[in-house]
Amino acid sequence: MKNNIIAYELSGIDNHSYFYEFAPKETFCSTCHSCINYQYYPNDFHIKNKADFSFAYDGGPPIISSKFKCFIENLGYPIQFDSLNPEGSLFTLIPEKKLTYLAMQQSEYCNKCNQYVNQIAPIPNFSNEIQLPISDGFFRSDMKFGSGIEKGFIVILGVNTGFLIKKAQKELKLRGLDLIPITI
């Protein structure tokens, strides 16, 4: 039986940087060290490679180049972009719409910040909240996955949006991104 693609996960490479390297200690839970201030963003962030879509070693939102940001802005989806440096070469990508996910494994619940230290093995659970397959849009998982401060949300694309990104990847020579089919 063939699996049907219902959406794509937009994944990326490690950019050999640390998003939270200079974050104040109040950004993290004093008990479990997980991030509790998701409004924190570095203001002089740079990466060593030339990726257009990537992630830092220590979590945080996806990081995109100004070239990829310009392309995405023209698509008109509700996405928040925050500049990470004075020259405007890198931005965070935070889709405003969320889709429900479950974690197959959760451990070390912290009573102080009310989150799991380890939350892994994401499972899409949005089949009752949106028509499948998802045709268009940028979304993010309602949960963050990973361990400690190394947690981040998953970026989900509608099928047509995935095709637009694949086409732009070739035409604009976008680096670092990968589209992974989500199937049922």
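Check the entry above for the structure.
Each value, and the rule that gives it
Residues numbered from 1 in each chain as written. Predicted model: local features only at pLDDT ≥ 70, side-chain atom pairs only at ≥ 80, totals over all residues. Heavy atoms only, no water. Helix = DSSP H or I, 4+ residues; strand = E, 2+ residues; numbered from the N terminus. Buried < 20%, exposed > 50% of the residue type's maximum accessible area, 1.4 Å probe, protein only. Core = buried A, V, L, I, M, F, W, Y, C linked by side-chain atoms within 4.5 Å. Axes fitted to C-alpha atoms, helices over the stretch in contact; angles between N-to-C directions. Left-handed = near helix turned anticlockwise from the far one by under 90°. Contact = heavy atoms within 4.5 Å. Nonpolar A, V, L, I, M, F, W, Y, C, P; charged D, E, K, R; others polar. Phe/Tyr/Trp six-rings, centres within 6.5 Å; stacked < 30°, edge-to-face > 60°. Expected span 1.5 Å × (residues − 1).

A.B. asks: I'd like a description of the overall build of the chain, backed by residues and values.
C.D. replies: Looking only at helices and strands, the chain features two helices and twelve strands. Shown N-terminal to C-terminal, the secondary structure of the chain runs as helices and strands in the order β-β-β-α-β-β-β-β-β-β-β-β-α-β. Judged by the C-alpha coordinates and their principal axes, the chain covers about 45 × 40 × 25 Å. In the chain, which comprises 184 residues, the proportion classed as buried is 48%.

A.B. asks: Could you give an account of the nonpolar core, with specific residues and numbers?
C.D. replies: Of all hydrophobic cores here, the largest spans 36 residues; its most connected members are Leu10, Phe19, Phe68, Ile72 and Phe138. Looking at this core element by element, the count peaks at four residues for strand S5 (residues 90-95). Ile6, Ala103, Phe139 and Ile156 belong to the second largest nonpolar core, which has 13 residues in total.

A.B. asks: A description of the packing of helix H1 (residues 66-75) against helix H2 (residues 159-171) should follow, citing residues and the corresponding values.
C.D. replies: Interaxial distance between H1 and H2 falls to 12 Å at its minimum, and their mutual angle equals 145°. Where H1 crosses over H2, the two elements pack in a sense that is right-handed. Contacts between H1 and H2 involve Phe68, Phe71 and Leu75 from the first element and Leu164, Ile165 and Ala168 from the second. Class assignment for the residues of the contact of H1 with H2 results in six nonpolar, no polar and no charged.

A.B. asks: Explain the packing of aromatic side chains to me, using residue names and the numbers behind them.
C.D. replies: Across all of its chains, the model carries 14 aromatic pairs by this definition. Centroid distance Tyr8 to Phe163: 6.3 Å. Interplanar angle 70°. Geometry classified as edge-to-face. Of this pair, Tyr8 sits in strand S1 (residues 5-14) while Phe163 sits in helix H2, and the two are 155 residues apart along the sequence. Residue Tyr8 is classed as buried on the basis of its relative accessible area of 3%. Here Tyr109 and Tyr116 contribute two aromatic rings whose centre-to-centre distance is 5.0 Å and whose plane-to-plane angle is 70°, an arrangement assigned as edge-to-face. With relative accessibility at 42%, the residue Tyr109 sits in the partly exposed group. Through successive ring pairs, a cluster of aromatic residues spans Phe19, Tyr20, Phe28, Tyr40, Tyr41 and Phe45.

A.B. asks: Describe H2, naming the residues involved and giving the relevant values.
C.D. replies: Along an α-helix, residues three or four apart share an orientation, since each turn contains 3.6 residues. With 13 residues, H2 ought to run about 18 Å at 1.5 Å a step, and its terminal C-alpha atoms sit 19 Å apart, in line with that. Considered for burial, the residues of H2 that qualify are Val159, Thr161, Gly162, Ile165 and Ala168. After H2 finishes, the residue Lys173 shows a positive phi value of roughly 55°.

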